[in-house]
Amino acid sequence: MRLPKFEHVQPSSREEASRLLQEHGSRARLVSGGTDLYPRMKYGLTRPDVLISLKGLPATPPTVDPNGDLHVDALMTLADLARSQTVLEKTPLLSEAALSVASNQIRHMGTLGGNLCQENRCPYYNQTHTFQFVEPCFKRNGDQCYLIPKGKKCWAVFSSDTAPALISLGASATILAPKERRQLPLENLYTGDPLKPLTISDGEVLTEIIIPCPLSLRGTAFMKFTLRGGMEYAALSVAVVLDMENDGVLCRAARITVGSVGAGPIRAGKGENAMAGQRLSKNLFQEVAQLVVSETHPFPHHGYSAAYLRACLEVETRRAFSLAAEQITRNPGDPG
Amino acid sequence: MENKLDYVGQRIPRKDGPVKVTGRAKYTVDVQLPGMLVGRILRSPHPHAKILNIDVSRAERLKGVKAIITSDDTIGVKHAFVDTPRYPADEPPIAKDRVLFVGEAVAAVAATDADVAEEALSLIKVDYEPLPAVFDVEEAMQPGAPEVHTSHPKVKEPLSNIAGKTESGWGDIKTGFAQADYVREDRFESHLRTHGYLEPQATVASYEPGGKLNVLTSSQGPFFKRAKLAQTLGLPFSRVRVHKAYVGGGFGGKIDLFYHEFCAALLSMKTGRPVKIEASREEIFTAYRHGEPLIIEIKTGVKNDGTLVAQQFRVINKSGAYRGTGVVVIFLAWGFIIGAYRVPNFKYEGYAVYTNNPPRTAQRGHGCPQMRFAVESQLDMIAEKLGIDPLEIRLKNARQAGEILPNGDNVYNCGLTECIEKAAEHTEFKKKYGQARSASPSMGSIRRGIGIGVSAYITGSLIYPNSSSTVIKMNDDGTVTLLTGALDIGQGAETILCQIVAEELKLPMEDIEVIAADTETTPVDIGSWISGNAFVTGNAVRVAGTEVREKLLSIAAEELEASLEDLVLKDKCVYVAGSPSHKLTYQQLVSLSIQKRDGDPIIGEGHWRTVRGEPYHPSLATTKGRWSDSYAFGAQVAEVEVDIETGQARLIRAVTAHDCGFPINPTLVEGQMDGQVSMALGHAFMEEVLMKEGRTLNPSWLDYRMPTIHNTAKSEVIDVITERYEIGRPYRTKEVGEGYVSGILAAIANAVYDAVGVRLYTTPFTPEKILQGLGKLK
Ligand SMILES: Cc1cc2nc3c(=O)[nH]c(=O)nc-3n(C[C@H](O)[C@H](O)[C@H](O)COP(=O)(O)OP(=O)(O)OC[C@H]3O[C@@H](n4cnc5c(N)ncnc54)[C@H](O)[C@@H]3O)c2cc1C
């Protein structure tokens, strides 16, 4: 597997990166750590002529603004993110999700922005097509899916681990375009279309993630199910945030996001509603977990059947609730 | 003579350790030769198709392309792992007229660099006419199935695509089952796994002026490769030299002749320049040879007390598009049944069946893990039905020292009973077994279980090149050089061979230089793939060492005017016992020998072979004939934890009680055990090559899940010593590198059952299957 030839451009700022991106149009791609992009280039799945690299640009360490909200630079590596004390204190959920990605080596190269903007995956798609699966599938601009041959759609899954965590945390993304800078709820970054997973366009750069950190009682948990426990994309993941009333027993609001079993991260709205206003209990967790499964419709993928993923998702979601409930603490800085 | 051992049996660090851990060891991919070209292979995108036309004209015009070969450039000689009158070779070195699997080589290119070579491949235009293909082995057997090859003429049943058949039996199977109090039938099936050698396949071939082909290739033994290259290239053996670089693992996957080896050689012959071909990991996953999945049907009859009275097997090997080792594994599958337990009435049928999948090959244990998984799982089911415990039923049927197997092999000092007892005792098996099934729901979701599995494995057999021969020569300074054809593929072959030399000559390890695995300069060796290195090559080295020692002693006796019995070897000197100043150094002895023995610089030569006195290897068709001279036995206990909600299981602890005769190097033996335990747990829980219609779905380390350090289990090793090494005498040590992936796999399956009551009939033991077994999948 060889990396095809390309031109490598090193902008001196994010603004310049955005400008260059727009200038080169569809010939160009952004690259940060390259851990998602380079393998795809080696497979011949994408052939940019120009790579605009964000790697050389310094990443600002995480900061807390006067509202108490956490700002994380999208250019930060996952390794730095996972070991940031500020992030750990404010949003242990994000630290955990970042730490669950791939391996130590990859976390040292891979960035948060790249993680959130990674491509969808499928075992038919993510390989070289010189003699295997030569006829293009939907994702290679063809008109078929090998996985579900009678299907009319693509079944590639979106496997970012940080996305479900950040969506459950209510994060928003700062998008830099040549002429504007805009703020977007992170869940709106995703189209749910496996052929074009992101809503942002070619000239746009994801520069920052802002995470609101309300002064309230909160319990969070992130579960990632894999067979090997490392160097592995999730079979499924689920990120749960439980915001509690001051009594610590009634759930004021819940956010539940499921990863890796659909074309994008999936918010489980029905589950969230069913949790809100309720007293936490084992029974409630079980009921809501079932609801979450019923509204997510997991894609079969990478050798896991839909039936298994449903069963496993129910267990992992219930466990996430229990874990979150055990970890309910007051946000640091809250006078109590 | 005194038999104090200073080297054999010691935990001596491996000889190749420092050069490997400091990154100085050169592997085939590291080799750069002046003017070297890069080769690449064009592969079939079809599982079955006619080749109508190959047009290389555009590729030939590409700047930097130096040669392109297709089957027209070959001499048209087929080759195969097995090449006998019954099973004539069936593989063209490059596809001719027809392709039979996705990944089959159709053409190859040599170019100035890899980019040009790859571009050239894309410019070769091949017209195919797709043909019907078959992938499921039982479909392939049906009359009227798409024909990969015509069925074997000697197999008279109306079955398609039969590559070969093995039949064996003894006693009277009907009477046997009639005598049984309980009979049960089960079907087990194994899955496709790859070897996971970390060093990719690579070859550098250089055809030199004067007509000599020099080949450096990552392999498990150069002599087999030389034979196949000479045959397919039409060169005399003497014109082909295959030699080693360091090898980063093989596990059975680097034995056969591969396209990259043949093509690199032929491209070099065409261009007169060295050619390197390196397989990408993706190619290895998609187009190279993985292990052999088996379907195993067993019918077993027992007495109420657990005594086996009859056993009948039908085994189907899911072969690929060429025979490969497919007809070997159906022979071996029989062999891996007969060693462990006595079965008075027995019938066996094994089929190798062609499909349009890539060909398969040997994989560590070569059929043994699959067979032991089946036999040992069924044995536990029988024991449960009869109300006897798993240990008792094994002890009742276990082979004992001195028993003669149905093929005439002797198990000699078999330590199986002791292995079972020690493994059980060490793990408190009796106390733990059956506990989980009485667990209460309040215990959370984790259940722990314990299980046992047994294996017996041969120590070398007769497959070309059949024997090992070595030369030990003394150097002027009193050090020695060992010449051996054996190839160290990471298992520590060179280290243990040096320990034997060191022991026979009482010479420090540092004073032994090894020249190994070179068809030109080293004598022939069986290769690192039939579990015979320590026994067969080891004995050959011992014989050579003895000859050198005797020469040293005889000159010393003459010069020191002492009798042979009074002489001792120590610190590179020969002493008269009790008179330490009365001595001659090895250096002096070498020069005395040259002076007084007509110039003999002291050279020892040794050769060895297993089943000496038997002219031929056993029949693959009927299993008749002796197979091996030495059998290793082992009992392995697994403790697992299973999450009854997610279905996920993991191995917590593995205990291996093994009769390896005696360990030449205990550290290396333990390394083999630990490696086999982690390989087996990958087999059990994680690894699977997923395929659809002959194409591979997970061709990367990422999606093919080999265990990492986090998944490894605690592995404990108990030596059951049944042999001893005596200086100057033949020994019968036993293999340690293959059998122990087997018992532990069976033990894991039995432990999962013990934990959650789910009997698994197919590998791998995925969370999905376990949840299904628990009735929790909707
Ligand atoms: C072996 C292996 C295992 C992996 N396991 C996991 C895993 O378990 N979980 C997981 O989530 N991921 C996994 N990954 C995927 C990937 O490594 C990570 O998601 C990583 O965080 C990607 O970051 P990067 O900076 O390397 O992205 P890049 O490869 O540089 O970029 C990825 C994509 O995002 C775009 N992009 C990058 N930065 C920005 C930006 N600031 N704004 C807009 N677009 C941008 C690029 O154009 C590209 O299309 C794995 C990858 C490998 C190779």
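Quick notes on the rules
- Residues numbered from 1 in each chain as written.
- Chains lettered and ligands numbered in written order.
- Predicted model: local features only at pLDDT ≥ 70, side-chain atom pairs only at ≥ 80, totals over all residues.
- Heavy atoms only, no water.
- Core = buried A, V, L, I, M, F, W, Y, C linked by side-chain atoms within 4.5 Å.
- Buried < 20%, exposed > 50% of the residue type's maximum accessible area, 1.4 Å probe, protein only.
- Helix = DSSP H or I, 4+ residues; strand = E, 2+ residues; numbered from the N terminus.
- Contact = heavy atoms within 4.5 Å.
- Domains from an automatic or database assignment.
- Buried area = accessible area lost by both parts, 1.4 Å probe.
- Salt bridge = Lys/Arg side-chain N within 4 Å of Asp/Glu carboxyl O.
- Polar contact = N/O pair within 3.5 Å; in protein donor to acceptor, adjacent residues only side chain to side chain.
- Near = heavy atom within 4 Å.
- Areas by Shrake-Rupley, 256 points an atom, 1.4 Å probe, with all protein chains shown as cover.
- Axes fitted to C-alpha atoms, helices over the stretch in contact; angles between N-to-C directions.
- Parallel < 35°, antiparallel > 145°, perpendicular 65-115°, else oblique.
- Pairing = 2+ DSSP bridges.
- Arc of directions from axis to C-beta.
- Nonpolar A, V, L, I, M, F, W, Y, C, P; charged D, E, K, R; others polar.
- Phe/Tyr/Trp six-rings, centres within 6.5 Å; stacked < 30°, edge-to-face > 60°.
- Lys NZ or Arg CZ within 6 Å of the ring centre and 35° of its normal.

1. Some remarks on the nonpolar core
Judged by nonpolar contacts, the single largest core of 151 residues is most densely connected at Phe313, Leu651, Phe685 and Ile748 of chain B. The element that contributes the greatest number of residues to this core is helix H9 (residues 326-338) of chain B, accounting for 11 residues. Beyond its immediate sequence surroundings of up to four residues, Phe685 of chain B is in contact with Leu227 of chain A together with Val640, Ala649, Arg650, Leu651, Ile748, Val752 and Phe765 of chain B.

2. Things to note about the domain arrangement of chain B
Residues and elements named next belong to chain B. The assigned domain composition of chain B is domain 1 (17-25 + 467-609), domain 2 (31-131 + 198-249 + 254-287) and domain 3 (294-461 + 617-773). Of the residues lining the interface, 24 residues belong to domain 2; the matching set on domain 3 comes to 25 residues. Counting the surface lost from both domain 2 and domain 3, the interface buries some 2,200 Å², and carbon and sulfur atoms represent 65% of this. Run the count over domain 2 and domain 3 and you get zero salt bridges. Connecting domain 2 to domain 3 are nine residue pairs in polar contact (both at pLDDT 80 or more).

3. What to know about the pattern of salt bridges
Per the stated rule, a full pass over the model turns up 75 salt bridges over all chains. Here Asp73 of chain A ties to Arg14 of chain A by a salt bridge, and the two come within 2.8 Å at their closest N and O atoms. One end of the pair, Asp73 of chain A, is in strand S5 (residues 70-73); the other, Arg14 of chain A, is in helix H1 (residues 14-24), and 59 residues separate them in sequence. A salt bridge links Glu297 of chain B to Arg314 of chain B; the shortest N-O distance between them is 3.7 Å. Taken together, the residues Glu297 of chain B in strand S13 (residues 294-302) and Arg314 of chain B in strand S14 (residues 308-318) connect sequence positions 17 residues apart.

4. Comments concerning the site of the ligand
Around the ligand sit 31 residues, and of these Leu30, Ser32, Thr35, Thr111 and Asp161 of chain A come closest. The environment of the ligand is shared, with nearby residues belonging to chains A and B. Leu30 of chain A is positioned with one of its backbone polar atoms (N or O) 2.5 Å from an oxygen atom of the ligand. Note that a nitrogen atom of the ligand is positioned 2.7 Å from one of the side-chain N or O atoms of Asp161 of chain A. Isolated, the ligand exposes 960 Å² of accessible area, and the fraction of that covered by the protein chains is 93%. The set of elements that each furnish at least two residues to the shell around the ligand consists of strand S2 (28-31), helix H2 (37-42), helix H7 (112-116) and strand S8 (205-211) of chain A. Residue contributions to the shell around the ligand peak at three residues, all from H7 of chain A.

5. What to know about the packing of helix H15 (residues 533-560) of chain B against helix H16 (residues 586-596) of chain B
Packed helices, taken two at a time, are described by their axes: the angle between them and the distance between them. Residues and elements named next belong to chain B. The interhelical angle for the contact between H15 and H16, taken along N-to-C directions, is 85°, at an axis separation of 10 Å. Judged by the inter-axis angle, H15 sits roughly perpendicular to H16. Only Tyr586, Leu589, Leu592, Ser593 and Lys596 of H16 make contact with H15, whose side of the interface consists of Leu552, Ile555, Ala556 and Glu559.

6. Points about the sheet that holds strand S6 (residues 172-177) of chain A
All names here are of chain A. Here five strands make up an open sheet; going across it, the order is S4-S5-S8-S6-S7 and the pairing antiparallel. Both outer strands of the open sheet, strand S4 (63-64) and strand S7 (180-185), are each paired with one neighbouring strand and no more. Where S4 and S5 come together, two bridges link them in antiparallel fashion. Looking at the pairing, Thr63 lines up with His71 of S5.

7. Digging into H16 of chain B
Residue and element names in this part refer to chain B. Looking at H16, one finds that the buried residues are Tyr586, Leu589, Val590, Leu592 and Ser593. Summarising the axial view, the buried residues of H16 lie within an arc of 165°, below the 170-degree limit, and thus occupy one face. Structurally, H16 contributes buried residues whose contacts are with strand S17 (467-474), helix H14 (493-505), H15, strand S20 (567-570), strand S21 (573-576) and strand S22 (579-585). Looking at the residues trailing H16, positive phi occurs at Asp598, about 55°.

8. Looking at the sheet that holds strand S3 (residues 65-69) of chain B
Residues and elements named next belong to chain B. An order of S3-S5-S1-S12-S9-S10-S11 is seen for the seven strands of this open sheet, with the pairing classed as mixed. Of all the strands in the sheet, just S3 and strand S11 (240-243) have a single pairing partner and so form its edges. Going from strand to strand, the sheet's axes swing by 20° on average, the running direction of each strand aside. Sheet topology note: the strand S9 (residues 202-208)/strand S12 (residues 275-278) ladder contains four bridges and is antiparallel. Within the sheet, the bridge partner assigned to Ala205 lies in S12 and is Val275. Its contacts with the sheet place helix H6 (residues 222-233) against strand S10 (212-217) and S11, and it is angled at close to 150° to S11.

9. Quick word on the interface of chain B and chain A
The interface is formed by 43 residues belonging to chain B together with 36 residues belonging to chain A. Across the chain B/chain A interface, buried area totals approximately 3,200 Å², and carbon plus sulfur atoms make up 51% of it. In this structure, the connection of chain B to chain A is made through seven salt bridges. The shortest N-O distance in the salt bridge between Glu645 of chain B and Arg319 of chain A comes to 2.8 Å. For the pair chain B and chain A, the number of links is 19 residue pairs in polar contact (both at pLDDT 80 or more). For the side of chain B that touches chain A, the secondary-structure elements that each account for two or more residues are strand S1 (37-43), helix H3 (114-123), helix H8 (281-287), helix H17 (666-686), strand S27 (695-696) and helix H19 (767-773) of chain B. When the residues that make up the side of chain B that touches chain A are grouped by side-chain class, the tally is 17 nonpolar, 12 polar and 14 charged.

10. A look at the packing of aromatic side chains
By the definition in use, this model includes 32 aromatic pairs over all chains. Taking 4.8 Å as the distance between ring centres and 50° as the angle between the ring planes, the aromatic pair formed by Phe158 of chain A and Tyr190 of chain A counts as tilted. Remark: Tyr190 of chain A occurs in the loop between S7 and S8 and Phe158 of chain A occurs in the loop between H7 and helix H8 (162-168); sequence separation between them is 32 residues. On the basis of relative accessibility, which here comes to 10%, the residue Tyr190 of chain A falls in the buried class. Relative to Tyr457 of chain B, the ring of Phe336 of chain B lies with its centre 4.6 Å away and its plane at 20°, an arrangement referred to as stacked. Here the residue Phe336 of chain B occupies a position in helix H9, and Tyr457 of chain B occupies one in strand S16 (residues 446-458), the gap between them amounting to 121 residues. Residue placement shows Lys244 of chain B over the ring face of Tyr246 of chain B; its charged tip is 5.1 Å from the ring centre. Its guanidinium or amino end placed over the ring of Tyr412 of chain B, Arg732 of chain B lies 3.5 Å from that ring's centre, counting from NZ or CZ.

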